[in-house]
Amino acid sequence: MTADTTTRTAEPITKSFDAPGATITYDVRPSAATTEPPLLLIGSPMGASGFVTLAGFFPDRTVVTYDPRTADRSKRTDGKLSTEVAEHAEDLHRLIGELGGGPVDIFASSGGATNALALVERHPGDVRTLVAHEPPSAATVPDREAALAAVRDLHDTYLRAGQGVAMAKFILLVSHQGPIPEDWPSRPDPDPAMFGMSADDDGSRDDPLVGQNMPQNPAYEFDFDALRNAPTRIVLAASAEGEGTMANRGAKAVAERIGQEAMTFPSHHAGFLPEDGPPGQAGQPAAFAARLREVLEAGG
């Protein structure tokens, strides 16, 4: 079936709920005509704003986006400076409860894919189909020890030198193709100016990516037995342009461990972003949405 992809005209409905240690904010774009369950579009630490374009290609579905705890509008209330994958998974479980309960369909990208897989481990009845797009699973790739050391080093660099230096190192790591060299943590710090960032350290240590979710998210140890035995239809997705990167290799490694091959999606790691995005971030949202629709409808 080919659906009308006219963008919705109604504004999303914004709601929030309290969770242990955080207040979680989410947006609902309802579709009265649908008989399908809600479709969640999620990332981590990317929040709801990153999925606005992709949501517009699914006017025939009730689409839900949210800000993970520590990101954008969802604030921690407990003062903790780290966030575990299990916390994100339980937040997703609570969100699905706020929507009336599962099963729902989920498209989850990057760290959100890790969190959604953890949700399926814990609450398999919550999810009908999960499309897990490029979970950056350092714990699953063949060069596991070097990859885990590299993500630990990212967090350590942030604590030592601040966001600019840590983010420069992050960009180098996520764009690296092939196995992670064992000497990665001992290499000199990159100059943030290479990526248009400042090396100034403002003293804060609560950045959602290199502060809160590193190294926990890429170091997460999946329960592969639980994933294989879940009633959820799980689809691992790898980007067409990301061959050799850790997130791409992570998707393929997780797929192999649950007995499947990763499906190829158009563009890069964030291929669902707008076409007019900044250099390196411009996506192919129409093609990406068409591929996602194809995968979702194949399991409907």
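Residues numbered from 1 in each chain as written. Predicted model: local features only at pLDDT ≥ 70, side-chain atom pairs only at ≥ 80, totals over all residues. Heavy atoms only, no water.

Trainee: Sorry if this is basic, but what is going on with the overall build of the chain here?
Mentor: Looking only at helices and strands, the chain features 9 helices and 9 strands. What you see for the chain is a C-alpha radius of gyration of 18 Å, in line with the 19 Å of a compact globule of 300 residues. Looking at the chain as a whole, 55% of its 300 residues qualify as buried. For the chain, contacts bridging at least 24 residues in sequence account for 71% of all contacts bridging at least 6. Of the accessible surface of the chain, which amounts to about 12500 Å², a share of 53% is contributed by carbon and sulfur atoms. Of the charged side chains in the chain, 25 are positive and 42 negative; the average position of the first set lies 3 Å away from that of the second. (Helix = DSSP H or I, 4+ residues; strand = E, 2+ residues; numbered from the N terminus. Rg over C-alpha atoms; globule rule 2.2 N^0.38 Å. Buried < 20%, exposed > 50% of the residue type's maximum accessible area, 1.4 Å probe, protein only. Contact = heavy atoms within 4.5 Å. Areas by Shrake-Rupley, 256 points an atom, 1.4 Å probe, with all protein chains shown as cover. Lys, Arg positive; Asp, Glu negative; His and termini not counted. Charge placed at Lys NZ, Arg CZ, Asp CG, Glu CD.)

Trainee: Where do I start with unusual backbone geometry in this structure?
Mentor: Negative phi values dominate among residues other than glycine, just as trans dominates among peptide bonds. At the junction of G102 and P103, the peptide bond is cis and its omega measures out at 5 degrees in the coordinates. With respect to the helices and strands, the residue P103 is situated in the loop between helix 2 (85-98) and strand 6 (104-109). That bond from M214 to P215 is cis: its omega, -5 degrees, falls within 30 degrees of zero. Here P215 shows up in the loop between helix 6 (208-212) and helix 7 (224-229). With phi around 60 degrees, S110 is a residue other than glycine that occupies positive phi space. Note on placement: S110 falls in the loop between strand 6 and helix 3 (111-122). The backbone phi angle of E134 is positive, close to 55 degrees, even though this residue is not glycine.

Trainee: How should I be thinking about the packing of aromatic side chains in this particular structure?
Mentor: For any two aromatic rings, the description comes down to two numbers: the centre-to-centre distance and the angle of the planes. Scanning the entire structure with this criterion turns up 8 aromatic pairs. Ring centres of F51 and F272 lie 4.9 Å apart, and the angle between their planes is 15 degrees; on these two criteria the pair is classed as stacked. Of this pair, F51 sits in the loop between strand 3 (39-42) and helix 1 (52-55) while F272 sits in the loop between strand 9 (263-265) and helix 9 (285-298); the two residues are 221 residues apart in sequence, bridging distant segments of the chain. As far as the burial class goes, F51 and F272 line up, both buried. A ring pair is formed by F107 and F272, whose centres lie 5.9 Å apart and whose planes are at 80 degrees; its orientation type is edge-to-face. Remark: F272 occurs in the loop between strand 9 and helix 9 and F107 occurs in strand 6; sequence separation between them is 165 residues. For F107, a relative accessible area of 0% puts it in the buried group. Members of the aromatic cluster, connected to one another through ring pairs, are F51, F107, F265, F272 and F288. Across the ring face of Y158, the terminal group of R205 is positioned such that the distance to the ring centre comes to 5.4 Å. (Phe/Tyr/Trp six-rings, centres within 6.5 Å; stacked < 30°, edge-to-face > 60°. Lys NZ or Arg CZ within 6 Å of the ring centre and 35° of its normal.)

Trainee: Honestly, a nonpolar patch on the surface in this entry has me stumped. Any pointers?
Mentor: A cluster of nonpolar residues, L172, M194 and F195, forms a patch on the protein surface that exposes about 260 Å² of accessible area. On the accessibility criterion, L172 (33% relative accessible area) is partly exposed. (Patch = residues over 30% accessible without salt bridge, like charges linked within 9 Å, V, L, I, M, F, W, Y side chains within 5 Å. Salt bridge = Lys/Arg side-chain N within 4 Å of Asp/Glu carboxyl O.)

Trainee: How do you make sense of helix 8 (residues 246-257) when you look at a structure like this?
Mentor: Since the α-helix turns once every 3.6 residues, residues separated by three or four places project in the same direction. Under the 1.5 Å per step criterion, the end-to-end length of helix 8 is 16 Å for 12 residues, consistent within 8% with the ideal 16 Å. Of all 12 residues in helix 8, 9 are buried; the element is thus mostly enclosed. Listing the buried residues of helix 8 in full gives M246, A247, N248, R249, G250, A251, A253, V254 and A255. Next to the buried residues of helix 8 lie helix 3, helix 4 (144-161), helix 7 and strand 8 (233-239). G259 occupies a position one or two residues after helix 8 and carries a positive phi of about 85 degrees. (Expected span 1.5 Å × (residues − 1).)

Trainee: It is not clear to me how the pattern of salt bridges should be interpreted in this structure. Could you clarify?
Mentor: A full pass over the atoms with the stated rule returns 25 salt bridges. A salt bridge links E121 to R122; the nearest nitrogen and oxygen atoms lie 3.5 Å apart. For R122, a relative accessible area of 34% translates into the label partly exposed. Where salt bridges share partners, they join R69, R76, D78, K80, E87, D91 and R94 into one cluster.

Trainee: I tried to follow the confidence of the model for the chain on my own but got confused; where do I start?
Mentor: Interpreting fine coordinate detail is not advised for predicted regions of low pLDDT. Of all residues in the chain, 96% attain a pLDDT of 70 or more, and the chain-wide mean is 94. Across residues 1-9 the pLDDT falls below 50, and counting only partners more than four positions away or on other chains, this stretch makes 21 contacts in the model. (pLDDT = per-residue confidence, 0-100.)

Trainee: Even after reading the chapter, I still don't get the nonpolar core, so can you show me in this structure?
Mentor: What tends to happen in soluble globular proteins is that the nonpolar side chains get buried as a cluster. If you look at the biggest cluster of nonpolar residues, it comprises 37 residues, and the most contacted ones within it are L40, I42, I106, L117, L130 and L227. No other element matches helix 3, which puts 6 residues into this core. Contact partners of L227, with chain neighbours within four places excluded, come to L117, V120, E121, F222, I234 and I258. (Core = buried A, V, L, I, M, F, W, Y, C linked by side-chain atoms within 4.5 Å.)

Trainee: Would you explain helix 3 in this entry?
Mentor: Taking 1.5 Å of rise per residue, 12 residues should cover 16 Å, and helix 3 covers 17 Å from first to last C-alpha, within 8% of that figure. Of all 12 residues that make up helix 3, 11 are buried, and the element is covered over most of its length. Of all the residues in helix 3, the buried ones are G111, G112, A113, T114, N115, A116, L117, A118, L119, V120 and E121.

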